[in-house]
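Chain residues, written in single-letter form:
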Amino acid sequence: MENNEQIFIMNHPLIQHKLSFLRDKNTGTKEFRELVSEIATLMCYEATRDLPLMDVQTETPMCTATTKVIAGRKLAFVPILRAGLGMVDGMLQLVPSAKVGHIGLYRDHDTLQPVEYYNKLPSDIEERDVIVLDPMLATGGSAMDAITIVKRSRPRSIKFLCIIAAPEGLKALSEAHPDVHIYCAAVDEKLNEHGYILPGLGDAGDRIFGTM
Ligand SMILES: O=c1ccn([C@@H]2O[C@H](COP(=O)(O)O)[C@@H](O)[C@H]2O)c(=O)[nH]1
Ligand SMILES: O=P(O)(O)OP(=O)(O)O
Ligand SMILES: [Mg+2]
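Residue positions within a chain follow its written sequence, with the count starting from 1. Just so you know, chain letters begin at A and ligand numbers begin at 1, following the order they were written in. Since the coordinates come from a predicted model, pLDDT governs what is reported: local features require at least 70, and pairs of side-chain atoms require 80 or more to be given and counted, while whole-chain, interface and lining totals use all residues. The basis for every side-chain value is the complete set of heavy atoms in the structure, and neither hydrogens nor water enter the calculation.

Draft legend 1. Expanded view of the site of ligand 1. Any residue with a heavy atom positioned within 4 Å of a molecule or strand is treated as near that molecule or strand. Around ligand 1, the structure places 16 residues, and the nearest of them are Arg107, Asp134, Thr139, Ser142 and Ala204. Pairs of N or O atoms within 3.5 Å make up the polar contacts considered here, provided that, within protein, one atom can donate a hydrogen while the other can accept it, and that residues adjacent in sequence are counted only when both atoms are side-chain atoms. Within the backbone of glycine 140, an N or O atom sits 2.8 Å from an oxygen atom of ligand 1. One nitrogen or oxygen atom from the side chain of serine 142 is found 2.5 Å from an oxygen atom belonging to ligand 1. Residue burial considers only the protein chains on display, and all accessible areas are found by Shrake-Rupley using a 1.4 Å probe. Contact with the protein chains hides 94% of the accessible area of ligand 1, taken as 460 Å² for the molecule alone.

What follows is the structure, given as structure tokens:
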């Protein structure tokens, strides 16, 4: 799977290095949580690369200079519960002013279909660019549903940021929401018969919250 106009694979060495430890089954809950957060920060840096800038006048100790600031674009992060929660603090490290909405979805074990159980989005989401967060894009069902829910509130734009994607999920999501840019750190081989990503890292929510 290659980068294209909709899908961005972040192969930065720091991200890839941390991802190896994240995949390791011997990585414990505390370290796993820290790694998810650190990777989210690094991915946030890339995913905000297109934020528009505007010129301002700044008094340096030497003279007046024309410098750049972000041109008033407001962001909202929307983690898909539970696993997406692990990415929020890392994102807020770089954009502390972002608002945070939450969408609660779990996958039905038999059908693999997402089941919605919670939904709270910022009231001014129409003025915001949204980044939906979930470490894992497997069948794509959760991301597709979460983005459909967010779209009903008419944000300015939506991006989806995950750490590991399966080819099946990338295809499904990019076809269902061609207007949504997708950022991931790795595209793995395939899904197993239970809808888990191979080689993957297991169940991200369970590993973040220690509920294995
Ligand atoms: O290897 C995996 C696969 C899935 N998850 C969790 O499931 C959803 C995504 O699954 P979809 O099939 O794309 O709906 C995601 O929220 C993860 O929490 C996982 O942890 N590990
Ligand atoms: O998508 P699931 O079912 O794995 O949910 P959670 O993120 O709560 O583990
Ligand atoms: Mg889970």
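Draft legend 2. Representation of a nonpolar patch on the surface within the structure. Think of a patch as exposed residues, more than 30% relative accessible area, with no salt bridge, where like charges cluster within 9 Å and nonpolar side chains (Val, Leu, Ile, Met, Phe, Trp, Tyr) cluster within 5 Å. Definition used for salt bridges: Asp or Glu carboxyl oxygen within 4 Å of a side-chain nitrogen of Lys or Arg. On the surface, Tyr106, Tyr117 and Tyr118 cluster together into a nonpolar patch covering about 330 Å² of accessible area. The topology assignment puts tyrosine 106 in strand S6 (residues 102-107). A relative accessible area of 44% means that tyrosine 106 is categorised as partly exposed. Secondary structure elements follow DSSP: runs of H or I no shorter than four residues count as helices, runs of E no shorter than two count as strands, and numbering proceeds from the N terminus. The rule is simple: take the accessible area with a 1.4 Å probe, protein chains only, and divide by the maximum for that residue type; under 20% is buried, over 50% is exposed, in between is partly exposed.

Draft legend 3. Seen up close, the pattern of salt bridges. As enumerated under the stated definition, the model contains 13 salt bridges in all. A salt bridge links lysine 30 to glutamate 34, with the shortest nitrogen-to-oxygen separation between them at 2.9 Å. On the criterion of helical spacing, the pair formed by lysine 30 and glutamate 34 is a turn pair, its members being four residues apart in helix H2 (residues 29-47). On the basis of relative accessibility, which here comes to 59%, the residue lysine 30 falls in the exposed class. Taking relative accessible area as the criterion, glutamate 34 reaches 36% and is therefore assigned partly exposed. Between lysine 171 and glutamate 175 there is a salt bridge, with the nearest N and O atoms lying 3.1 Å from each other. Note that lysine 171 and glutamate 175 are positioned in helix H5 (residues 167-176) at a spacing of four residues, about one turn of the helix. In this structure, a network of salt bridges that share partners links the residues Lys99, Asp124 and Arg128.

Draft legend 4. Geometry of the packing of aromatic side chains. Under the pairing criterion, centres of Phe, Tyr and Trp rings, with the six-membered ring standing for Trp, must be within 6.5 Å; the plane angle then separates stacked pairs below 30 degrees from edge-to-face pairs above 60, leaving the rest tilted. Inspection of the entire model under this criterion finds two aromatic pairs. Ring centres of phenylalanine 8 and tyrosine 183 lie 4.8 Å apart, and the angle between their planes is 15 degrees; this geometry places the pair in the stacked category. Here phenylalanine 8, found in strand S1 (residues 7-9), pairs with tyrosine 183, found in strand S12 (residues 181-184); they are 175 residues apart in sequence, far enough to count as distant. For phenylalanine 8, a relative accessible area of 27% translates into the label partly exposed. Geometrically, a lysine NZ or arginine CZ counts as sitting over a ring once it is within 6 Å of the ring centre and also within 35 degrees of the ring normal. Sitting over the face of the ring of tyrosine 196, arginine 107 holds its NZ or CZ atom 5.3 Å from the ring centroid.

Draft legend 5. How the structure looks around the site of ligand 2. As a matter of local geometry, ligand 2 sits amid Leu81, Arg82, Ala83, Leu105, Tyr106, Arg107, Asp203 and Gly205. Measuring from an oxygen atom of ligand 2, one finds a side-chain N or O atom of aspartate 203 at 3.2 Å. Its free accessible area being 280 Å², ligand 2 has 78% of it covered by the protein chains. With respect to the detected pockets, ligand 2 is housed in the largest pocket. Here the shell around ligand 2 gets three residues from one element, more than from any other, and that element is S6. Residues belonging to the shell around ligand 2 are distributed by class as follows: four nonpolar, one polar and three charged. Cavities and pockets were defined on a 1 Å grid built from protein atoms only: a cavity is a group of points that admits a 1.4 Å probe but offers it no way out, a pocket is an open group of points flanked by protein on both sides within 12 Å along at least five of seven lines, and a lining residue is one with an atom within 4 Å of any such point. Should more than half of a molecule's atoms lie within 2 Å of a pocket's or cavity's grid points, that molecule is taken to sit in it. Residue polarity is assigned by list, with Asp, Glu, Lys and Arg as charged and Ala, Val, Leu, Ile, Met, Phe, Trp, Tyr, Cys and Pro as nonpolar; anything else, Gly included, falls into the polar class.

Draft legend 6. View of the coordination of the magnesium ion (ligand 3). Taken together, Asp203 (OD) and Asp203 (OD) make up the protein donors of the magnesium ion (ligand 3), found 2.3 to 2.5 Å from the metal. Tracing the chain through its elements places aspartate 203 in the loop between strand S15 (197-198) and helix H6 (204-209). Counted as donors are N, O and S atoms no farther than 2.8 Å from the metal, or 3.2 Å for Na, K and Ca; water is not among the atoms, and sites may therefore look incomplete.

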